[in-house]
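Given next are the chains, with one letter for each unit.
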Amino acid sequence: MSTPETDYSKTLNLSDTPFPMRGNLPKREPAWVQAWNDPEHGVYARLRAARAGAPKFILHDGPPYANGKIHIGHAVNKVLKDMIVKARQLAGFDAQYIPGWDCHGLPIENAIEKLHGRNLARDDMQAKSRAFATEQIAQQMADFQRLGVLGDWLNPYKTMNFATEANEIRAFKRVMERGFVYRGLKPVYWCFDCASSLAEFEIEYADKKSDTLDVAFLADDQAAVAQAFGLASLPGQVKDSLIY
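Residues numbered from 1 in each chain as written. Predicted model: local features only at pLDDT ≥ 70, side-chain atom pairs only at ≥ 80, totals over all residues. Heavy atoms only, no water.

A.B. asks: Provide a residue-level description of the overall build of the protein, including the pertinent values.
C.D. replies: Within the protein, the regular secondary structure consists of seven helices and eight strands. The globule rule puts the C-alpha radius of gyration for 244 residues at 18 Å, and the 31 Å found for the protein is more than 25% above it. Principal axes of the C-alpha set define a box for the protein whose edges measure 130 × 50 × 45 Å. Taking all 244 residues of the protein together, 23% fall into the buried category. The long-range fraction of contacts in the protein, counting pairs at least 24 apart against all pairs at least 6 apart in sequence, stands at 67%. For the protein, the accessible area works out to roughly 19000 Å², and carbon and sulfur atoms hold 57% of it. (Helix = DSSP H or I, 4+ residues; strand = E, 2+ residues; numbered from the N terminus. Rg over C-alpha atoms; globule rule 2.2 N^0.38 Å. Buried < 20%, exposed > 50% of the residue type's maximum accessible area, 1.4 Å probe, protein only. Contact = heavy atoms within 4.5 Å. Areas by Shrake-Rupley, 256 points an atom, 1.4 Å probe, with all protein chains shown as cover.)

Structure representation (structure tokens):
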């Protein structure tokens, strides 16, 4: 007489869960992100509705350059900002995060020169830079969303938007009208290689050894020396003083 086989799976008391036991995150996370960012029923839209009429807290993102894939620095920057915005939301504010991108400057121009060579015509350079920035923004935006950052991703600000550029010119006009723009003696750093001006923080000075000596001399006519420097008198010096 044969003994019937026992289905031991029927003897286990396992809970029945409504979600799959396997994570399968590479395939499931994009669907979550899409649901979070739904313009009408997503998490960000529901957060705005929940805080309608509350005091506003708006964080306009200090924009990254639109010139490549994101790295750990981007991740730290965006996650910290996301924590601040969500903390303000929990504190009762209508906390909004407005992402943005910097679409101008040497980083994008250098990328275009690497792809298409140097000495491009101005209009060609601008057209290629705009197309490149648009492509990079789409890529970075998708990656930031995968980090779980909630924001108004449908309406980011971009420095290359024509309306933004026009508003910058209007703002500059108001600054000039108020007398804050003037001509002074300040060097403009220039890169001969890139044929473009440089910001002061972009300047790197190489270490240099010098045999130069500072020698002190007696001032024969202190009044004349003071006058040459536009001073009434030489400070802290009386007689037989040294001028360096």
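That was the structure; now back to the text.
A.B. asks: If you had to explain the packing of helix 4 (residues 106-116) against helix 5 (residues 122-146) to someone new, which residues and values would you point to?
C.D. replies: Running from N to C, helix 4 and helix 5 point in directions that differ by 105 degrees, and their axes come no closer than 10 Å. Taken together, helix 4 and helix 5 sit at an angle that is classed as roughly perpendicular. Contacts between helix 4 and helix 5 involve Ile 108, Glu 109, Ala 111, Ile 112, Glu 113, Leu 115 and His 116 from the former and Met 125, Lys 128, Ser 129, Phe 132 and Ala 133 from the latter. A breakdown of the residues in the contact of helix 4 with helix 5 according to their chemical character gives seven nonpolar, two polar and three charged. (Axes fitted to C-alpha atoms, helices over the stretch in contact; angles between N-to-C directions. Parallel < 35°, antiparallel > 145°, perpendicular 65-115°, else oblique. Nonpolar A, V, L, I, M, F, W, Y, C, P; charged D, E, K, R; others polar.)

A.B. asks: Describe the side chain of Gln 89, with residues and values.
C.D. replies: Here Gln 89 lies in helix 3 (residues 72-90). One polar contact links the side chain of Gln 89 to the main-chain amide nitrogen of Ala 95, over a distance of 3.3 Å. (Polar contact = N/O pair within 3.5 Å; in protein donor to acceptor, adjacent residues only side chain to side chain.)

A.B. asks: Quick rundown of the nonpolar core? Include the residues and the values.
C.D. replies: Core analysis: the largest hydrophobic core is formed by 19 residues, its most contacted members being Tyr 97, Trp 101, Cys 103, Ala 133, Ile 137 and Trp 153. Counting only elements with at least two residues in this core, the list comes to strand 2 (94-98), helix 4 and helix 5. Looking at this core element by element, the count peaks at six residues for helix 5. Beyond its immediate chain neighbours, meaning those up to four positions away, Cys 103 contacts Ile 108, Ala 133, Ile 137, Lys 158, Thr 159 and Met 160. (Core = buried A, V, L, I, M, F, W, Y, C linked by side-chain atoms within 4.5 Å.)

A.B. asks: Give me the pairing of strand 2: which residues, what numbers.
C.D. replies: Regular strands show a simple pattern: their side chains alternate between the two faces of the sheet. Counting buried positions over the five residues of strand 2 gives five, a clear majority of the element. Along strand 2, one buried face is formed by Asp 94, Gln 96 and Ile 98 and the opposite face, lined by Ala 95 and Tyr 97, is buried too. Bridging between strand 1 (residues 56-60) and strand 2 involves five bridges; their strand directions are parallel. Bridging across to strand 2, His 60 finds its partner in Ile 98. Handedness of the crossover joining strand 1 and strand 2 through helix 3: right-handed. (Pairing = 2+ DSSP bridges. Right-handed = clockwise from strand over helix to strand, strands pointing away.)

A.B. asks: I'd like a rundown of the packing of aromatic side chains, residues and numbers included.
C.D. replies: Working definition: an aromatic ring pair is given by the centre-to-centre distance plus the angle between the planes. As enumerated under the stated definition, the model contains four aromatic pairs in all. Look at Trp 101 and Trp 153: their rings are 6.4 Å apart centre to centre, the planes differ by 50 degrees, and that puts the pair in the tilted class. Taken together, the residues span a long stretch of sequence, with Trp 101 in strand 3 (residues 100-101) and Trp 153 in the loop between helix 5 and strand 4 (157-158) at a distance of 52 residues. Per residue, the accessibility class of Trp 101 equals that of Trp 153, and both read buried. An aromatic cluster is built from Tyr 97, Trp 101, Phe 144 and Trp 153, whose rings are joined through pairwise contacts. Above the plane of the ring of Tyr 44 lies Arg 48, whose end atom (NZ or CZ) is 4.7 Å from the centre. (Phe/Tyr/Trp six-rings, centres within 6.5 Å; stacked < 30°, edge-to-face > 60°. Lys NZ or Arg CZ within 6 Å of the ring centre and 35° of its normal.)

A.B. asks: Can you explain the side chain of Lys 78? Please cite residues and give values.
C.D. replies: In this fold, Lys 78 is placed in helix 3. When residues no more than four places from it in sequence are discounted, the contact partners of Lys 78 are Asp 61, Pro 64, Tyr 97, Phe 144 and Val 149.

A.B. asks: Talk me through unusual backbone geometry; I want residue IDs and the actual numbers.
C.D. replies: Notably, Asn 119 is not glycine yet its phi reads approximately 60 degrees, a positive angle. Structurally, the position occupied by Asn 119 is in the loop between helix 4 and helix 5.

A.B. asks: Account for the environment of Ala 52, naming residues and giving values.
C.D. replies: As for its placement among the helices and strands, Ala 52 is situated in the loop between helix 2 (43-50) and strand 1. Taking C-alpha positions, Ala 52 is 24 Å from Leu 80, a pair spaced 28 residues apart along the chain.

A.B. asks: Which residues make up the pattern of salt bridges, and what values do they have?
C.D. replies: Taken as a whole and judged by the stated rule, the model has 11 salt bridges. For Asp 82, the salt bridge is made with Lys 86, and the minimal N-O distance between the two is 2.7 Å. One end of the pair is Asp 82 and the other is Lys 86, both in helix 3 and four residues apart, which spans about a single turn. Assessed through its relative accessible area of 9%, Asp 82 is described here as buried. With relative accessibility at 34%, the residue Lys 86 sits in the partly exposed group. Two residues, Arg 118 and Glu 113, come together in a salt bridge whose shortest N-O distance is 3.6 Å. Members of the salt-bridge network, linked through shared partners, are Arg 48, Lys 56 and Asp 94. (Salt bridge = Lys/Arg side-chain N within 4 Å of Asp/Glu carboxyl O.)

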